[in-house]
Amino acid sequence: LPLSPKEEEVVSRFQEYLRIDTVHPSPNYYPVTEFLIIQGKQIGLDTKVVEYVQGKPVILFTWQGTDSSLPSVLLNSHTDVVPVELAHWKHPPFAAKMDEAGDIFARGSQDMKCVGMQYLEAIRNLMAAGFKPQRSIHVSFVPEEEVGGVDGAKKFYGSSDFKELNVGMVLDEGLASEDGNYRVFYAERTVWWFYITAQGHPGHGSRLFDGMALENLRISLDAIADFRKSEFDKVKSGEKAEGEVTSVNNVYLTAGRPTPTGFVMNVQPSQAEAGFDMRVSPLADLDALQKLLDEEWAPASRNLTYRFLQKGKVTDDFGNLAVTAVDDSNPWWVLFKRAVEKAGGTLAKPEIFMAATDGRYARNQGIPTLGFSPMTNTQVLLHDHNEFLNAKEYLKGIKVYEQILMSFTGTGDESGDPSNSKTGSGELSETIHTEL
Ligand SMILES: CSCC[C@H](NC(C)=O)C(=O)O
Ligand SMILES: [Zn+2]
Ligand SMILES: [Zn+2]
C-alpha cells in the first residue's frame, strides 16, 4: 500500500498505540497513560491525569479556545479493549501488523483506539495549519468502558473536573459501516439485566403435577420468546432498525442438583432461575414492558419473582428522553452533518446504538452526544477475531475529524481546508455559533 512518509508516520503512531496491551480482565493502564501523555506533549496540549479510582486513570487533554465563555467540545474514547481468543487470530492481536492491503490487525483497531488517535491527529494537523478554535476542545481517554464504565466514564462525567469544562457537545464511539455511508448514533438502548426466580413443588421425577418450578419458568420463557420474536420480526421485515426495537435474550438457566457425573434425574427441583439481557429502545412503551414483566413474565401467581441486576433509565436527569436531536433543531447536528459532507463523506440515517457506550453518561446529563467512528467500507469486527482497520480508512477519518472540529469550534470563517483556514465564508455556521 503506497503511503507518503507523512502518512507512514501517522499510521505508525496508531500502531504504537495499538501495541500497548490494555486488555481485560486486568488491563494495566499506566503504559498507555505514559504513551498518551507523550502524544499530548508533542502536540502541545494541556494535560491532566486523574485517577478517580486507583489504577484506572482518565487522561484529559485541552486545546484552549479563544473564547472561554463558550461551551466546549469533548471528544471521548476509551483506552481498554476486550479479550482475544489468540488461536483464532492470523496476526498477533497486539502486534498491529499492517498487511499488503494496508489492513492493520489489532484488538482495538476499530474499538476504539482508532478514534482516540484520530482525534489527536486531527488536532495536530489543525494546530500545524494555524487554526485557532473559538471554543475549547477537550479530549478524554477513559478506562473501563468495556466493563460498563463505572470506574471510568461514570466517575469522570460525574466529577467537578467535568463540570468545569462546560461541555456543550460530546463525541463518542459508533460502529464501522459496511457500505460507503458513515454511521452515526444519536441514542442508545438502555440495559435491563434481570433474572426470574421460580419456586415450585419438588417431587419425584416420575410424577406429573402442576406448579413445579421449571414448568412455572418455562411458561415465562415461552412468553419472553414470543415477545422476542415479535420484535425481531420487525427488524427482519425491515420495518425497524435494530436499535428501534427492544431485544431480550435468555443468557443463563440454572436448576437441578449437580452430581459428580451430571445431575440428579429423579427429583423435580423446587427452584429455578433464568437470566436475561434486555435492551430497551428509547422508543419503547415502558409501561407496557413493565406490565409484561409483572403480569406475564414473572407473575406472583406462578410463584415467580424477578430482580434487576441493572435497570438503566430511558430518560435523562431532567426526565427527557435521552436522545440527541438529529434535525435542524440541533445546531450541533447541522454543523456535524455539514462537516462530514465537507470532508467528502455521506451519512447513513442516524441510528440508535444497540448496546451501551460511555456516551450514555453524557447524554443522561442532557448534553448532545453523537456516537461516531469514521469507518466506511469496513466489516464490523469489534469484539471479533482478527479485528482490523485499513490504513487509508484510518487516514480518511482524520480528515473527517478536522472538518468536524473546525465546524464545531471555528468562527465560521474556515474554508474547509486546514491549510487555508483564514479564508472562505460560512454564513450558516456563523448563525449557528451565535445560537450555541
Ligand atoms: C452495561 S455496561 C456494558 C457495556 C457494553 N458495551 C458494549 C459496547 O458492548 C454492553 O452494552 O454490554
Ligand atoms: Zn468501544
Ligand atoms: Zn467494545
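The name recorded for the chain in an unreviewed UniProt entry is N-acyl-aliphatic-L-amino acid amidohydrolase, from Riccia fluitans. The UniProt entry for the chain carries this comment under Subcellular location (unreviewed entry): "Cytoplasm".

> Where do I start with the coordination of the zinc ion (ligand 3) in this structure?
A metal bound by six donors in octahedral fashion has ideal angles of 90 or 180 degrees, whereas one bound by four tetrahedral donors has an ideal angle of 109.5 degrees. Coordination of the zinc ion (ligand 3) by the protein comes from Asp111 (OD), Glu146 (OE), Glu146 (OE) and His383 (NE2), over a distance range of 2.0 to 2.5 Å. Because the angles between the 4 donor atoms bound to the zinc ion (ligand 3) fall within 57 to 147°, the donor set is best described as irregular. If you look at the zinc ion (ligand 3) and the zinc ion (ligand 2), they sit 3.3 Å from each other and are both ligated by Asp111. Remark: Glu146 occurs in the loop between β6 (137-142) and α4 (153-157) and Asp111 occurs in the loop between β5 (103-105) and α3 (113-128); sequence separation between them is 35 residues. According to the relative accessible area criterion, Asp111 is buried, its value standing at 3%.

> What's the story with the coordination of the zinc ion (ligand 2) in this structure? I'm lost.
Taken together, His78 (NE2), Asp111 (OD), Glu173 (OE) and Glu173 (OE) make up the full set of protein donors to the zinc ion (ligand 2), lying 1.9 to 2.5 Å away. The coordination sphere of the zinc ion (ligand 2) comprises 4 donor atoms, whose angles at the metal cover 56 to 150°; the geometry is irregular. Along the chain, the residues donating to the zinc ion (ligand 2) are arranged with the sequence spacing H-x32-D-x61-E. For Glu173, a relative accessible area of 4% puts it in the buried group.

> It is not clear to me how the sheet that holds β5 should be interpreted in this structure. Could you clarify?
Note on sheets: strands pair through backbone hydrogen bonds, and any given pair is parallel or antiparallel. Taking strand neighbours across the sheet as the criterion, the 3 strands line up as β4-β5-β19 in an open arrangement whose pairing is antiparallel. Both edges of this open sheet fall to β4 (97-98) and β19 (388-390), since each of them pairs with a single strand only. As paired strands, β4 and β5 are joined by 2 bridges and run antiparallel to one another. Each residue of the ladder has a partner; that of Met98, found in β5, is Ile104. Helix α1 (residues 5-18) contacts β4, β5 and β19 of the sheet and is inclined by roughly 20° relative to β5.

> I tried to follow the environment of Leu389 on my own but got confused; where do I start?
Summarising the element assignment, Leu389 is placed in strand β19. Sequence separation between Leu389 and Val191 is 198 residues; the distance between their C-alpha atoms is 29 Å. With residues near it in sequence (within four places) discarded, Leu389 still touches Phe14, Gly102, Asp103, Ile104, Ser109, Cys114, Met375, Thr378 and Tyr394.

> What should I look at first to understand the UniProt feature "active site" (unreviewed entry) in the chain in this one?
In the numbering used here, UniProt assigns the "active site" (unreviewed entry) feature to Asp80 and Glu145. For this annotated set, covering 66 residues, all C-alpha atoms fall within 6.8 Å of each other, a compact arrangement in space. The residue Asp80 is located in the loop between β3 (72-78) and β4 in this model. With relative accessibility at 0%, the residue Asp80 sits in the buried group. Only 2.6 Å separates the side chain of Asp80 from the side chain of His24, close enough to count as a polar contact. Turning to its location among the elements, Glu145 is positioned in the loop between β6 and α4. Overall, the relative accessible area of 9% leaves Glu145 in the buried class. Ignoring any residue separated from it by four or fewer positions in sequence, one finds Glu145 in contact with His78, Asp80, Glu173, Ala356, Thr357 and Asp358.

Parameters at a glance
Residues numbered from 1 in each chain as written. Chains lettered and ligands numbered in written order. Predicted model: local features only at pLDDT ≥ 70, side-chain atom pairs only at ≥ 80, totals over all residues. Heavy atoms only, no water. UniProt positions renumbered as here; feature names shortened; annotations may be inferred. Donors = N, O, S within 2.8 Å, 3.2 Å for Na, K, Ca; no water. Tetrahedral: all angles 85-135°; square planar, octahedral: opposite > 155°, others 65-115°. Helix = DSSP H or I, 4+ residues; strand = E, 2+ residues; numbered from the N terminus. Buried < 20%, exposed > 50% of the residue type's maximum accessible area, 1.4 Å probe, protein only. Pairing = 2+ DSSP bridges. Contact = heavy atoms within 4.5 Å. Axes fitted to C-alpha atoms, helices over the stretch in contact; angles between N-to-C directions. Polar contact = N/O pair within 3.5 Å; in protein donor to acceptor, adjacent residues only side chain to side chain.

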